Amino acid sequence: MSLREGRLVRRLKDRDEKAFREMVEEYRDRVFSLTYRMLGNREEAEDLAQEVFITLFKSIDSFRGDSKFSTWLYRVTANHCKNRIKYLARRHDRDRAELTERVVGGGGATLADVRPAPRPDAQLEGAQMEQILQFAIAELDEEQRILVVLRDVEDLSYEEICAITELPDGTVKSRLHRARMALRKKLLKHM
Amino acid sequence: MSSATPTPSHDEYEARLSELVDGTLPPDEQRALEQHIEGCETCQQDVAELRKTVSALSGLHRVPAPQNFDQEVADAIRRRSQGRFFGRRTLGDRVPFELLALLALVLGLALYFFLRGSDTGSLRPFDREPEAPAIHEDAPNVVPRP
């Protein structure tokens, strides 16, 4: 942990509101981006990112300084994301079961629903590709999803990912490889 | 008895393709994997597609947080802590103490001079004798004759 991080953490532990505002300003985009890529929905992502910062404010005393502050922050965010994905999946199953009782057929959007635009220019193509990737990521299970987002979107090193997920190096590598292979299959027809 | 390590299987090579794409393999393992790929069409296709996948993923930009995000976090903490944190700030928190002291001094002086210049002000020195009431000669005799 750097000297600057150490000072910030001390002020946060003193419940210094100014320090907290500084911390939110510094890390909000990283946290929001991670929650958005994990959940694929802006409203859910914003709500969850807020929860992350509230948790950080409440549990800053439990940060012992064994890792970088950003590692701890990513860990808290990743755990929140995984819990929210499980919660949403349970809620989705329940809603779907209720809906099936009333209506036959239907269902949420999937990767197959993303159709090519009729006149793609570069920008539209980029936006469409982003949507395709987002759908493809959302179809991975939460354990694979976090690794893909941390490594390939956030561009973190294997070492940082191991520290965040608290998984052994070999597990991270093999799980990430399986996730990429699964994504490759999903994206093949769009690339 | 041979002491050479057994040649990895195709599946073992395949499992390390991501590390090859990332460039994180030790040099000797990278050479061995590249040699295997040269003779394996499946791995050639896999590695090409993996490169495309990773490249597409790395094109996903970081999504900025919404504009009011900071304030919403502070508001949420204030609500949950029942105003203990991030509550409405007092005047002293928002305006520097020096400015407040200067303002108080100016107001005090203004009040002093206002009271001093006032006819009824208690701070005005008593520098004149009060005037005796005037008696007019032609004033009507108000005392009744006996």
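Residues numbered from 1 in each chain as written. Chains lettered and ligands numbered in written order. Predicted model: local features only at pLDDT ≥ 70, side-chain atom pairs only at ≥ 80, totals over all residues.

A. Fine view of the overall build of chain A. When you go through chain A residue by residue, the secondary structure sums to eight helices and zero strands. The order of helices and strands in chain A, counted from the N terminus, is α-α-α-α-α-α-α-α. (Helix = DSSP H or I, 4+ residues; strand = E, 2+ residues; numbered from the N terminus.)

B. Expanded view of the overall build of chain B. When helices and strands are tallied, chain B shows seven helices and zero strands. If you list the helices and strands of chain B from N to C, you get α-α-α-α-α-α-α. Looking at chain B as a whole, 12% of its 146 residues qualify as buried. (Buried ≥ 20, exposed ≤ 12 C-beta atoms within 10 Å, placed from the backbone.)

C. Seen up close, the interface of chain A and chain B. With 35 residues of chain A at the interface, the matching set in chain B holds 28 residues. Taken together, the elements giving at least two residues each to the side of chain A that touches chain B come down to helix 2 (17–39), helix 3 (42–59), helix 5 (122–138), helix 6 (142–153) and helix 8 (169–187) of chain A. For the side of chain A that touches chain B, the leading source of residues is helix 2 of chain A, giving 10 residues. Each residue belonging to the side of chain A that touches chain B can be placed in one class, and the counts come to 17 nonpolar, four polar and 14 charged. (Contact = placed C-beta atoms within 7 Å. Nonpolar A, V, L, I, M, F, W, Y, C, P; charged D, E, K, R; others polar.)

D. Representation of the nonpolar core. Counting residues in each nonpolar core, the largest one holds 50 residues, and the members touching the most others are A:A49, A:L73, A:C81, A:V148 and A:V149. Counting residues per element, this core draws most heavily on helix 2 of chain A, which supplies 10 residues. No fewer than three residues from each of domain 1 (1–108) and domain 2 (111–191) of chain A sit in this core. Ignoring anything within four residues of it in the chain, the contact list for A:V148 reads A:I137, A:L140, A:L176, A:A179, A:R180, A:L183 and B:L57. (Core = buried A, V, L, I, M, F, W, Y, C linked by C-beta atoms within 7 Å. Domains from an automatic or database assignment.)

E. A look at helix 6 of chain A. For helix 6 of chain A, a buried count of nine out of 12 residues is recorded, marking the element as mostly surrounded by other parts of the structure. Positive backbone phi, approximately 60°, marks A:D155, located one or two places after helix 6 of chain A.

F. Broad picture of the domain arrangement of chain A. Residues and elements named next belong to chain A. According to the domain assignment, chain A contains domain 1 (1–108) and domain 2 (111–191). Taken residue by residue, the interface counts 13 residues in domain 1 and 13 residues in domain 2. Of all the secondary structure elements, the ones that give two or more residues to the side of domain 1 that touches domain 2 are helix 2 and helix 4 (69–102). Considering each element in turn, the side of domain 1 that touches domain 2 owes the most residues, eight residues, to helix 4. Its residues assigned to classes, the side of domain 1 that touches domain 2 comprises six nonpolar, three polar and four charged.

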